[in-house]
Every structure is written in C-alpha cells, then in structure tokens.
Amino acid sequence: MRISSKTIDYLKDIITGDSKKTRYLSGPQLVEFFNELGWQDIYGQGFPSRWEYTKRKLFELNQLDRIEEIIEHYYSPINFIEDKEGYKYLIKELNEYLAFEDLELKVETKTVKLQPKINVGEGADSTKFKDADWGDDYTKQISINLEQLNIDPKLTEIIKYRLIEIQRGIENNCPLSVIILVGSILEAVFFDLAHKNKPLFNRAHASPKISDKVKFFGEWTLGNYIDVAKELGYIKEDQKKFSMILRDFRNYIHPSKQLTEDFHPSIDTAKQCIYVLEGSINQIIAKTEYEKEK
C-alpha cells in the first residue's frame, strides 16, 4: 500500500506539527516517535532538519509498503483524547487526501485502520489525483538549493534545464524520462563535488582504479561516486542505499535491460526518485556546512 508525494507532504507537516494543526514535535521527539516502529535512530550532531528527517522516514515507509503503520500509529484515538473535536477534523482532512489514493482511514472505538475506499452506487467519484501546476521554478518544488551547493555556473545552467524537463515529464506522465534525468542530476552533483575535493576523492579506498591508478572523474560511474561520497561522509548509509536504487532505475535507459526485466515505472515511482535526489543533496549541504564551521 503506497500513497502519493502530495499526501506524504501533508503528513509531514501534520506529524512535525509545522501545519499548526497538531502538537509541535522536536527533533528528539520525532526520532522517538519513529523508533517506536522499530528504528534505532539517534539524535545528535549533524542530524538533518526535523522536516527533512520526517519526510525521509515517510518516503522510506512508503517504499517498503509500510505507510499504513505510521498513519495508524499517529492517528490512534488514544493520542487525541484531549482534543476529540480536533481529531474528527484531522481524520476528515486526511481522508480528503486519501480519497485520491482510493484509500480511507476508518476510526473504530480504540483503533484506526487504513483500508481501500469502497465507492457505493453509480456515479461514485473515482477521479484520480492530478498534480497542480508545479510552476516554472522547479528547484523550489523539490527543495534543491543550487546556491548552497555552489556548483560550477555552467553546470548549474545544465541542471536547471534538466529540472525544467523533469517538470514537463511529471506533467505529461513520462516517468522513465524523469527517472533518467533525476539520475543524471545526481551524477552531476557528485561530479562537481569530486572536482572541488579532488585529493579526498582520489585517495578514497572506493575510488575506481586501473592498474592502481585512479580513473579520471569523467570515467567514474554513478555507483563509484555514491560509494566514495558515502566513504567520505557526504551521504549516509540510508541515502547511499536509496541512491543505488536510483542508479539501477536510471540504467533502464538501455532498452535491452528494460526488456529483460520488464520494467515499467509509474509516475509515483518517478516522484520517489526525486526525493532520493533531494535527500542526497541535503546531506551533502549539511556535511559541507559542518566542515565550514569546524
């Protein structure tokens, strides 16, 4: 069971309390909340922002087909004993989002259950969710801060054009094109990062070599960049794993691979790949800013 990126964004603001409709949760409180579902995260120095951490966890649960666990956990009636009227409103609002997923959250006396929505009678509304206009500045929509990345200006222009193409791919339901473009932007970000930190990347144990000589950066694969970035601490283990999935998806640019594995991604899968790109970039920025402050 999975939900769209729009519903994930809504849940993020509800769970963090940033929507002002629910109780504000601090970083440590959010970590404790998600750890109740089996994680063992530790809040400390270098930890991502509250909203980034929450969005990443929701994305991960969605990918693992466990999103119903967090929804049922958060919306359990016992958590809203002191605000029953507010609870009714939150359930109603959530179900307005879930209706576009053909899902609904049913409230029992002591529990809630996320389940498929059953439309009764002829003429029932079965309209699927359609994204609103993403706007011209797509970098804002996917939270990429190109200024903080401080990428080479010429490369920045290439990335901006590709972001516009991603927007058009989303609007015109072209998921494979979006996935390939997202993967290319991630590689461009790592390529620029490697050039700005050439000695570090060349000395890394994971750097690709031929006869003990490190390859030129132009010969590195996206997988090479991901491995070295993880080794050097620019991305963490969770983002490395997701980035490797994005790398595998991007490799379906080869028709023979797509034919052999019968891969036909949905537009929701493409949007999840955008979150992978966003998460990696946020971790790179956090690492870079931390190094500046040392």
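Please refer to the structure placed before this passage.
Computed from a predicted model, the values in this text were never measured in an experiment.

> Would you mind going over the overall build of the protein chain in detail, with residue names and values included?
A tally of regular secondary structure across the protein chain gives 14 helices and four strands. Sorting the 294 residues of the protein chain into buried and exposed places 46% on the buried side. Taking contacts inside the protein chain between residues at least 6 apart in sequence as the whole, the part at least 24 apart equals 64%.

> Tell me about the environment of Ile70, and name the residues and values.
Considering the arrangement of structural elements, one finds Ile70 in helix α4 (residues 67–74). Assessed through its relative accessible area of 0%, Ile70 is described here as buried. Spatially, the C-alpha atom of Ile70 lies 7.9 Å from that of Leu58, the residues being twelve residues apart in sequence. Setting aside residues up to four positions removed in sequence, Ile70 forms contacts with Ile15, Phe33, Phe34, Leu37, Leu58 and Leu61.

> Tell me what's going on with the packing of helix α8 (residues 153–171) against helix α9 (residues 175–196), and back it up with residues and numbers.
Between α8 and α9, whose axes approach to 9 Å, the crossing angle comes to 160°. Classified by the interaxial angle, the pair formed by α8 and α9 is roughly antiparallel. Crossing hand, α8 versus α9: left-handed. Touching Leu155, Ile159, Arg162, Leu163, Glu165, Ile166, Gly169 and Ile170 of α8 are Val178, Leu181, Val182, Ser184, Ile185, Ala188 and Asp192, all from α9. For the contact of α8 with α9, the class distribution of residues is ten nonpolar, two polar and three charged.

> Tell me about the layout of surface pockets, and please be specific about residues and values.
Its volume calculated, the largest pocket comes out at about 500 Å³. Arg23, Leu25, Tyr74, Asn79 and Phe80 are, among the 17 residues lining the largest pocket, the residues nearest its centre. Elements represented by at least two residues in the lining of the largest pocket include exactly α2 (27–35) and α4. The element that contributes the greatest number of residues to the lining of the largest pocket is α2, accounting for three residues. In terms of residue class, the lining of the largest pocket is made up of seven nonpolar, four polar and six charged.

> Break down the packing of aromatic side chains for me, citing the residues and quoting the values.
If you walk through the whole model with that rule in mind, you get 18 aromatic pairs. With a centroid separation of 5.3 Å and an interplanar angle of 75°, the aromatic rings of Tyr74 and Tyr75 are classed as edge-to-face. For Tyr74, a relative accessible area of 10% puts it in the buried group. Classification of Tyr75 as buried rests on a relative accessible area of 0%. Ring geometry for Phe249 versus Tyr252: centroids 6.5 Å apart, planes at 45°, classification tilted. Three or more aromatic residues joined by ring pairs make a cluster, and in this case those are Phe33, Phe34, Tyr53, Tyr74, Tyr75, Phe80 and Tyr87. Above the plane of the ring of Tyr252 lies Lys257, whose end atom (NZ or CZ) is 5.1 Å from the centre. A cation over a ring is seen here: Lys287 above Tyr234, with NZ or CZ 5.8 Å from the ring centre.

> Break down the environment of Trp51 for me, with residues and values.
For Trp51, the position within the fold is in helix α3 (residues 50–63). Taking relative accessible area as the criterion, Trp51 reaches 30% and is therefore assigned partly exposed. Remark: the alpha-carbon pair of Trp51 and Asp9, spanning 42 residues in sequence, is separated by 9.5 Å. Polar side-chain contacts of Trp51 include one of 3.2 Å to the side chain of Ser49.

> Tell me about the pattern of salt bridges, residues and numbers included.
Inspection of the entire model under this criterion finds 19 salt bridges. Across the pair Glu237 and Lys230 runs a salt bridge whose closest N-O atoms are separated by 3.8 Å. One continuous salt-bridge network, built from bridges that share partners, spans Asp9, Lys55 and Glu278.

> Report on the packing of α2 against α3, specifying residues and quantitative values.
Two numbers describe how α2 lies on α3: the axes approach to 10 Å, and their chain directions differ by 15°. For the element pair α2 / α3, the angle class is roughly parallel. For the pair α2 and α3, the sense of crossing is left-handed. Here Gly27, Leu30, Val31 and Phe34 of α2 lie close against α3, whose contacting residues are Arg50, Tyr53, Thr54, Lys57 and Leu61.

> Account for the nonpolar core, naming residues and giving values.
In this structure, Ile70, Ile71, Tyr75, Leu105, Ile166, Phe190 and Phe201 are the most contacted members of the largest nonpolar core, which totals 79 residues. At eleven residues, α9 tops the list of elements feeding residues into this core.

Rules used in this analysis
Residues numbered from 1 in each chain as written. Predicted model: local features only at pLDDT ≥ 70, side-chain atom pairs only at ≥ 80, totals over all residues. Heavy atoms only, no water. Helix = DSSP H or I, 4+ residues; strand = E, 2+ residues; numbered from the N terminus. Buried < 20%, exposed > 50% of the residue type's maximum accessible area, 1.4 Å probe, protein only. Contact = heavy atoms within 4.5 Å. Axes fitted to C-alpha atoms, helices over the stretch in contact; angles between N-to-C directions. Parallel < 35°, antiparallel > 145°, perpendicular 65-115°, else oblique. Left-handed = near helix turned anticlockwise from the far one by under 90°. Nonpolar A, V, L, I, M, F, W, Y, C, P; charged D, E, K, R; others polar. 1 Å grid on protein atoms, 1.4 Å probe; cavity = no way out; pocket = protein on both sides within 12 Å on 5 of 7 lines; lining within 4 Å. Points joined across faces, edges and corners; volume = space filled by probe spheres on them. Phe/Tyr/Trp six-rings, centres within 6.5 Å; stacked < 30°, edge-to-face > 60°. Lys NZ or Arg CZ within 6 Å of the ring centre and 35° of its normal. Polar contact = N/O pair within 3.5 Å; in protein donor to acceptor, adjacent residues only side chain to side chain. Salt bridge = Lys/Arg side-chain N within 4 Å of Asp/Glu carboxyl O. Core = buried A, V, L, I, M, F, W, Y, C linked by side-chain atoms within 4.5 Å.

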